[in-house]
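Structure assessment
Residue-level listing of the chains:
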Amino acid sequence: MLSVKFFIVHAFTDRLHGGNPAGVVVLEEWLPDEQLQQIAKENGLPETAFFVPEGARFALRWFTPEIEMDLCGHATLATAHVLKAMLGYPGENMVFRSESGQLEVSEANGLYTLNFPSRKPLPAELPDIIRQSLDRMPVAVLKARDYLLVYASEEDVRDIRINRQLIDQINIDPGGVIITAPGRQIDFVSRFFTPQASHFEDPVTGSAHCSLIPYWAGQLNKKEMKALQLSERGGTLYCVDAGSRVLISGSAKTYMSGTLYIDN
C-alpha cells in the first residue's frame, strides 16, 4: 500500500472556512488516471490537485469529483501554499507544467500571485436553457471557456436565483457560467456556477478571472483591480491585466494535513 502526503487548503482567503477548499496530493510519480479521479471523488472537494516533481519544476493536474480540468486557480494557489508553507520550498518562484501551458506562482508576505493565461471573452448568444433558468436578464453576454453574464449591479449578482433543474440540461463541460457586475466598494464582483457538477456554485474561481480580468480592465480602463467572489464562503482576489497573461493574487490557510493510503 502506498502512502502519500495530503493537505486541504482554503484558498483566496486569510481565514479558515473562507475561500475555496482544495485538496493537494504530493506524488513522486503519477498514478493511473482512474485512481486520480477516484481520489478526487472520495475527497468530495471542489478540486483536488496532484503534483509530481520534474527537476526544477512540477507537473500539475486538477480533478473535480467528476472530471479532470484544464485549469484551476484556487487549487494551484493551494499547491503553491503547500510547497512554500508546509514543505519548505526554497525558491522564489514555483513553476508548473500543466494542460494550460507553463504556470508560475510567486509568494511574498503570504500573498501568492498566479501568472495565468488571459482568456478574453467575446460577445456571444445566450443559450435558451440558460436564459430560462435565470430570474433576471444580463445586460451583456460573452464567452471564452465559460459564459460570462454581465449585470448592472452588485445586488443583481448577490440576489440572482438560478433554476438548477433547467440549467443542468445544458452541456458546456468543462466550462461554467460566470455572473458579474461592477462592485459598490470594489472593482468588480462575481459568482460562478457549473451545470451538472456536484458543487453547483464554486466558492472562489481563479480560472474564471482569466476572462473577468481582461473584460473589466477594458470596461474600467484599469490594469490593477480588486475583486470579490460573492459565494457563501467568499473570496478576495487582487488582479492585474498583463496583456496575454493575467496576475491573480490571494492568500491561503492550511486546514488539514495528513496521509492518504492508496492501493498499488
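All of the points below concern the structure found in this document. These figures come from a predicted structure and were not determined experimentally.

This part takes up the pairing of strand β3 (residues 47–54). The buried fraction of β3 amounts to six of the eight residues, a majority that puts the element mostly inside the structure. Assessed by its sense of winding, the connection that carries the chain from strand β2 (residues 20–26) through helix α1 (residues 33–43) to β3 is right-handed. Two strands pair when backbone bridges link them, and β3 and strand β4 (residues 57–63) are joined in this way by seven bridges, in the antiparallel orientation. Each bridged residue has a counterpart across the sheet, and for Ala-49 the counterpart in β4 is Trp-62. Turn length for the β3-β4 hairpin, with the two strands adjacent in sequence and antiparallel, is two residues, and the turn residue Gly-55 shows positive phi of about 65 degrees.

For Met-1, the location among the structural elements is in the segment before β1 (2–11). For the pair Met-1 and Asp-263, spaced 262 residues apart in the sequence, the C-alpha separation amounts to 4.9 Å. Contacts of Met-1, omitting those with residues within four sequence positions, involve Tyr-261, Ile-262, Asp-263 and Asn-264.

This paragraph deals with the packing of aromatic side chains. What the rule picks out here adds up to seven aromatic pairs. Pairing Phe-58 with Tyr-89 gives two aromatic rings, centres 5.7 Å apart and planes at 70 degrees, and the pair type is edge-to-face. Of the two residues, Phe-58 sits in strand β4 while Tyr-89 sits in the loop between α2 (73–86) and β6 (93–98), which places them 31 residues apart along the sequence. Each ring, one from Phe-193 and one from Phe-200, has its centre 5.3 Å from the other, and the planes form 45 degrees; the classification is tilted. Classification of Phe-193 by relative accessible area gives buried; the value is 4%. Residue Phe-200 is classed as buried on the basis of its relative accessible area of 14%. Grouping aromatic residues by their ring pairs yields a cluster made of Phe-51, Phe-58, Tyr-89 and Phe-96. One Lys or Arg, Arg-61, reaches over the ring of Trp-30 and ends 5.3 Å from the middle of that ring.

Grouped together as the largest cluster of nonpolar side chains are 49 residues, with contacts concentrated most on Phe-12, Trp-62, Phe-96, Phe-116 and Ile-248. In this structure, Phe-116 is in contact with Leu-71, Cys-72, Gly-73, Thr-76, Leu-103, Cys-210, Arg-245, Val-246 and Ile-248, ignoring residues within four places of it in sequence. With 21 residues, the next largest nonpolar core counts Leu-126, Tyr-151, Ile-170 and Ile-172 among its residues.

Quick notes on the rules
Residues numbered from 1 in each chain as written. Predicted model: local features only at pLDDT ≥ 70, side-chain atom pairs only at ≥ 80, totals over all residues. Heavy atoms only, no water. Buried < 20%, exposed > 50% of the residue type's maximum accessible area, 1.4 Å probe, protein only. Helix = DSSP H or I, 4+ residues; strand = E, 2+ residues; numbered from the N terminus. Right-handed = clockwise from strand over helix to strand, strands pointing away. Pairing = 2+ DSSP bridges. Contact = heavy atoms within 4.5 Å. Phe/Tyr/Trp six-rings, centres within 6.5 Å; stacked < 30°, edge-to-face > 60°. Lys NZ or Arg CZ within 6 Å of the ring centre and 35° of its normal. Core = buried A, V, L, I, M, F, W, Y, C linked by side-chain atoms within 4.5 Å.

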